[in-house]
Amino acid sequence: MSQSFGKLLESVYRELGDLVVSRATGGSTTTVTDTTIADRYDNDEFGSSEIGWGAVFLLRDAGGAGAAPEGEFSRISAFNESTAEFTIDTMTAAVASGDRYGATRGRISLDKMVELCNEGLRDLGLLELVDTTTLDTVSAQTEYACSAAWKYKVLGVDLQTNINDANDNRWHSLPYGYWDYIPAAAGSAGLIVLKDQPTESRDIRVWYLAQHPELNDYDDTVDEQVNPQLAKWACVSSAARHLVNETQGTESWAIQKLNDANARTEMLRREFPLKALRKRGAKLFKLPVAFQR
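These numbers come from a predicted model, not from an experiment.

### Side note on the nonpolar core
If you look at the biggest cluster of nonpolar residues, it comprises 54 residues, and the most contacted ones within it are Leu9, Val12, Met113 and Ile192. Considering every element that reaches this core, the biggest residue donor is helix H3 (residues 228-246), with 10 residues. Among all residues touching Leu9, those that are not within four sequence positions of it are Phe57, Phe73, Leu110, Met113, Val114 and Cys117. With 18 residues, the next largest nonpolar core counts Ile76, Phe79, Ile88 and Met91 among its residues.

Right, dumping it as C-alpha cells:
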C-alpha cells in the first residue's frame with residue numbers, strides 16, 4: 001500500500017508530539033476555524049514569520065466519504081487566538097464544520113520539515129528506479145544523452161520491441177557489452193552508447209540507482225520499496241537530529257527521541273531491507289528484431 005507525503009509528514013509531527021488534533025467549527029479554502037480552542041493558544045503558538053509557520057493537516061472529511069480536502073496539508077500563515085482562526089495557503093476544497101484536522105506547533109516549520117523528511121528518505125540509501133519516458137530511439141543514432149538522475153549508476157537498458165500494444169511492449173533486456181554508459185563532468189549529461197543502431201521510435205527503458213526522489217506536495221507518493229514504518233522513523237530521526245542541534249543538546253527529550261528513532265530505524269532496516277541491487281541483463285543474447293536490418 002502506498003503512502004502519501006502528506007500522511008508521512010503528519011505521522012512525523014504526531015510522533016514528535018507537535019500535532020494538536022481537533023474538529024473545525026467552520027472554514028473555507030484558506031481558513032480553518034475552531035471555536036473550541038479560542039484563547040487556549042497564543043497567536044505565535046503555531047509559528048511566526050520569524051521562525052517559520054507550521055501546517056494544518058485535514059485528517060478526515062466530516063462527510064466520511066474521503067472528499068477533498070481530506071489528506072491535504074497547508075502552510076499556516078497566521079493564527080488569531082481570540083477567534084481561533086487559522087489562515088492557511090489555499091486548499092483544493094473548503095474546510096467544513098466537523099472536519100477533523102491537526103495543526104502543528106511552531107517547533108519545526110512546515111518548510112523545514114519537508115526538507116528534513118526528504119533528507120531522512122535519502123539517508124536510507126539508493127533505490128532501484130526505472131525511466132521509460134526520457135529516451136526514444138532515433139534513426140542513425142547510437143549515442144543518447146542521459147538524465148541527470150541516472151548519474152550514480154545505470155543498471156540496465158531494455159529496448160521496446162513491440163510498438164503496437166501499450167500493454168505488451170515486449171521489452172528486450174540488452175546485455176552489458178551491447179550498451180555502455182559514458183559518464184560526464186558534474187552538471188553535464190552522460191551518454192548511453194548502443195553497439196548498433198536500433199529501429200527508430202522505440203522506447204528505451206533504463207534501470208538505475210538513485211536516492212529517493214524529492215517529495216513536496218501532499219499527494220506525492222513515498223516509493224513503495226520503502227516500508228511505511230521505516231520511512232516514518234527515518235524521517236523522525238532526521239527531525240529529532242535537527243531539534244538536538246537547534247537546542248545544542250540541552251533538551252533531554254529530544255536526545256531520547258533521536259536515540260529511539262535511530263534504534264527503530266535500524267531495526268526496520270533489518271526487517272524490511274531495500275531491494276537487493278544487481279546489474280541487469282541476460283547472459284545469453286539473441287539479437288532483437290528492433291536491431292535487425
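So, next bit.
### Details of helix H4 (residues 252-271)
Two residues of an α-helix separated by three or four positions point the same way, owing to the 3.6 residues in each turn. With 20 residues, H4 ought to run about 28 Å at 1.5 Å a step, and its terminal C-alpha atoms sit 29 Å apart, in line with that. Along H4, the residues classified as buried are Ala254, Lys257, Leu258, Ala261, Thr265 and Leu268. The buried residues of H4 occupy an angular sector of 105° when the element is viewed end-on, so they sit on one face. Residues of H4 that are exposed and point over 90 degrees away from its buried face: Ser252, Gln256, Arg270 and Glu271. Against the buried residues of H4 lie helix H1 (5-15) and H3.

### Topic: the packing of H1 against H3
As a packed pair, H1 and H3 sit with axes 9 Å apart at the nearest point and diverge in direction by 55°. Judged on the interaxial angle alone, H3 and H1 are oblique. When you trace H1 past H3, the crossing you get is right-handed. Together, Leu8, Ser11, Val12 and Glu15 of H1 and Ala231, Lys232, Trp233, Cys235, Val236 and Ala239 of H3 make up the contact between the two elements. Counted by class, the contact of H1 with H3 contains 7 nonpolar, 1 polar and 2 charged residues.

### Section: the packing of aromatic side chains
Under the criterion given, the structure shown has 10 aromatic pairs. Measuring from centroid to centroid gives 5.9 Å for Phe86 and Tyr101, while their planes differ by 70°, and the two rings are edge-to-face. Placement of Phe86 in strand S9 (residues 85-88) and of Tyr101 in strand S10 (residues 100-104) is noted, with a sequence separation of 15 residues between them. For Phe86, a relative accessible area of 0% corresponds to the buried category.

### Here we look at the pattern of salt bridges
Side-chain pairs of opposite charge can arise where the charged atoms are in close proximity. In total, this model carries 12 salt bridges according to the counting rule given. Residues Lys257 and Glu15 are paired through a salt bridge, measuring 3.1 Å at the closest nitrogen-oxygen approach. Separated by 242 residues along the polypeptide, Lys257 in helix H4 and Glu15 in helix H1 bring together distant segments of the chain. Among the ionic pairs, Asp158 bridges to Arg205, the shortest N-O distance being 2.8 Å.

### Considerations on the pairing of strand S13 (residues 153-160)
Judged by how many residues are buried, S13 sits mostly within the fold: 7 of 8 residues are covered. Relative to strand S17 (residues 203-210), S13 runs antiparallel, the two being bridged by 6 bridges. Each bridged residue has a counterpart across the sheet, and for Asp158 the counterpart in S17 is Arg205. The sheet contact formed by S13 and strand S14 (residues 171-174) spans 4 bridges and is antiparallel. Within S14, the position partnered with Leu159 by the bridge is His172.

Calculation notes
Residues numbered from 1 in each chain as written. Predicted model: local features only at pLDDT ≥ 70, side-chain atom pairs only at ≥ 80, totals over all residues. Heavy atoms only, no water. Core = buried A, V, L, I, M, F, W, Y, C linked by side-chain atoms within 4.5 Å. Buried < 20%, exposed > 50% of the residue type's maximum accessible area, 1.4 Å probe, protein only. Helix = DSSP H or I, 4+ residues; strand = E, 2+ residues; numbered from the N terminus. Contact = heavy atoms within 4.5 Å. Expected span 1.5 Å × (residues − 1). Arc of directions from axis to C-beta. Axes fitted to C-alpha atoms, helices over the stretch in contact; angles between N-to-C directions. Parallel < 35°, antiparallel > 145°, perpendicular 65-115°, else oblique. Left-handed = near helix turned anticlockwise from the far one by under 90°. Nonpolar A, V, L, I, M, F, W, Y, C, P; charged D, E, K, R; others polar. Phe/Tyr/Trp six-rings, centres within 6.5 Å; stacked < 30°, edge-to-face > 60°. Salt bridge = Lys/Arg side-chain N within 4 Å of Asp/Glu carboxyl O. Pairing = 2+ DSSP bridges.

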